[in-house]
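Below, each chain spelled out in residue letters.
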Amino acid sequence: MNIVIPDDYQDCVRSLDAFKQLEDHDVAIYHDTLTDLDALSTRLKAAEALVLIRERTPITAALLERLPNLKVISQTGGGAAHVDMAACRRHGVTVMAGTGSPNAAAELTWGLVLAAMRNIPAEVENLKAGRWQRTLGTGLKGRTLGIFGYGKIGSLVARYGQAFDMKVLAWGRESTRQRAIEAGLDVAKSQADFFQRADVLSLHLRLNDDTRGIVTAELLAQMKPTSLLVNTSRSQLLAPQALEQALRAGRPGQAAVDVFDTEPVVTSSLLELPNLVATPHLGYVEKDSYELYFGDAFSNLLAYINGQSVNNLAG
């Protein structure tokens, strides 16, 4: 089968143990992201199968119209919000999803918390430039960690906070709050109370119609000038421009983010802010996670090719 894998930024897919599963197939791997419809459709036109790396390339109805050979999409990870499922059904394209692990994203989240609270990136640059101890960091013990969305990742981050002797405060929909209560956590009285009390507030929500823009400018304005907002989930959870405006206003005092509205980021005024720590969407970008994600995606694809039962999202 003619298989195309777009958006392998690090040129790492061929180095994975999991890649050996595709040794009997024709595989083309691309390392850049194309957004122009004409260029993208030309690149993917011969593909019978696409293996998508998370949500890096949206599969739209307009694109599918130009991919007459496409039979199957195998998605790394479990989400497929970037795939037009109705259009896939119309064109007879099977879409399969895999599984993932919360560990890598949770670990990166905590790395960002420590980096921002202790001013680690700034002090690394200071030291390299011959400047010694120019900032005063903030410790975590005794402070309040707010977890917005107590799911697989959020619950891990909550445990990390407890290991650092933080008070953990949860918020989310009713089922989230109930799980947090059952885990012995404090639950905020309201959404406003949650944003007001958290010293570190970490977002762990799925992006959907209900959560898009759920973090408004008004909520951010209620955060402490000493607090930190962390987002390793999706940038669209925040209202457009709300984070940049909030950081310029000083509430919250700083932010640490791993996700952006448009990726890869070429230029962004947000990145120019001194009270921002940012990474280029590294949450799941880790060797064990890649082996798991691609192992599932390739196994699902081979099952489809061999006529075996697969994990279908759409037929």
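Calculation criteria
Residues numbered from 1 in each chain as written. Predicted model: local features only at pLDDT ≥ 70, side-chain atom pairs only at ≥ 80, totals over all residues. Heavy atoms only, no water. Helix = DSSP H or I, 4+ residues; strand = E, 2+ residues; numbered from the N terminus. Rg over C-alpha atoms; globule rule 2.2 N^0.38 Å. Buried < 20%, exposed > 50% of the residue type's maximum accessible area, 1.4 Å probe, protein only. Pairing = 2+ DSSP bridges. Expected span 1.5 Å × (residues − 1). Contact = heavy atoms within 4.5 Å. Axes fitted to C-alpha atoms, helices over the stretch in contact; angles between N-to-C directions. Parallel < 35°, antiparallel > 145°, perpendicular 65-115°, else oblique. Left-handed = near helix turned anticlockwise from the far one by under 90°. Nonpolar A, V, L, I, M, F, W, Y, C, P; charged D, E, K, R; others polar. Salt bridge = Lys/Arg side-chain N within 4 Å of Asp/Glu carboxyl O.

Here's the deal with the overall build of the chain
- A tally of regular secondary structure across the chain gives 11 helices and 13 strands.
- Computed over C-alpha atoms, the radius of gyration of the chain comes to 21 Å, within 12% of the 20 Å expected from 2.2 N^0.38 for 315 residues, which places it in the range of a compact globule.
- Each of the three principal axes of the chain carries a C-alpha extent, and together these read 55 × 50 × 35 Å.
- When each of the 315 residues of the chain is scored for burial, the buried share is 49%.

Regarding the sheet that holds strand 6 (residues 144-148)
- Read from one edge of the open sheet, seven strands run 8-7-6-9-10-11-12, paired in parallel fashion. The open sheet is flanked by strand 8 (186-187) and strand 12 (276-278), the only strands paired with a single partner.
- Here two bridges tie strand 7 (residues 167-171) to strand 8, and the two strands are oriented parallel to one another. Pairing of leucine 169 across the sheet is with aspartate 186, part of strand 8.

Notes on helix 6 (residues 152-163)
- Given a rise of 1.5 Å per residue, 12 residues ought to cover 16 Å, and the 17 Å separating the end C-alpha atoms of helix 6 matches this to within 8%.
- Among all positions in helix 6, only Gly154, Ser155, Leu156, Val157, Ala158 and Gly161 are buried.
- Elements that come into contact with the buried residues of helix 6 comprise helix 4 (103-117), strand 6 and strand 7.
- Backbone geometry just downstream of helix 6 places aspartate 165 in the positive-phi region, at approximately 60 degrees.

Let's talk about the pairing of strand 3 (residues 49-52)
- Here strand 3 shows two buried faces, one formed by Ala49 and Val51 and the other by Leu50 and Leu52.
- Bridge count for strand 1 (residues 2-5) against strand 3 is two bridges, and the pairing is parallel. Residue isoleucine 3 lies in a different strand from strand 3, and its bridge partner there is alanine 49.
- Where strand 3 lies against strand 4 (residues 72-75), four bridges are found, and the strand directions are parallel. Its bridge partner being in strand 4, alanine 49 is matched across the sheet by valine 72.

Thoughts on the packing of helix 4 against helix 6
- Two numbers describe how helix 4 lies on helix 6: the axes approach to 9 Å, and their chain directions differ by 40 degrees. Taken together, the axis directions place helix 4 and helix 6 in an arrangement best described as oblique. Considering how the two elements wind past one another, helix 4 and helix 6 form a crossing that is right-handed. Here helix 4 contributes Asn103, Ala105, Ala106, Glu107, Thr109 and Trp110 to the contact with helix 6, which in turn contributes Ile153, Leu156, Val157, Tyr160 and Gly161.
- Taken together, the residues of the contact of helix 4 with helix 6 sort by class into seven nonpolar, three polar and one charged.

Here we look at the side chain of aspartate 193
- Residue position: aspartate 193 is located in helix 8 (residues 191-197).
- Judged by its relative accessible area of 15%, aspartate 193 falls in the buried class.

Re the pairing of strand 2 (residues 26-29)
- Taking every second residue as pointing to the same face, the buried face of strand 2 carries Val27 and Ile29, while none of Asp26 and Ala28 on the other face is buried.
- Of the pairings in the sheet, the one linking strand 1 to strand 2 comprises four bridges and is parallel in character. Within strand 2, the position partnered with isoleucine 3 by the bridge is valine 27.

Some points on the environment of alanine 61
- Structurally, alanine 61 can be placed in helix 2 (residues 61-64).
- Residue alanine 61 is classed as partly exposed on the basis of its relative accessible area, which comes to 24%.
- Sequence separation of alanine 61 and lysine 71 is 10 residues, and the distance between their C-alpha atoms is 14 Å.
- Ignoring any residue separated from it by four or fewer positions in sequence, one finds alanine 61 in contact with Asp84, Ala87 and Arg90.

So, the pattern of salt bridges
- In the structure shown here, the tally under the stated rule is nine salt bridges.
- Here aspartate 186 ties to arginine 197 by a salt bridge, and the two come within 2.8 Å at their closest N and O atoms. Remark: arginine 197 occurs in helix 8 and aspartate 186 occurs in strand 8; sequence separation between them is 11 residues.
- Exposure remark for aspartate 186: the relative accessible area of 38% places this residue in the partly exposed category.
- As a salt-bridge pair, aspartate 199 and lysine 224 come within 2.8 Å of each other at their nearest N and O atoms.

What about the environment of threonine 35?
- Topologically, threonine 35 is positioned in the loop between strand 2 and helix 1 (37-44).
- On the basis of relative accessible area, threonine 35 is assigned to the exposed category, the value being 77%.
- Through-space distance from the C-alpha of threonine 35 to that of valine 83 is 15 Å; in sequence the pair is 48 residues apart.

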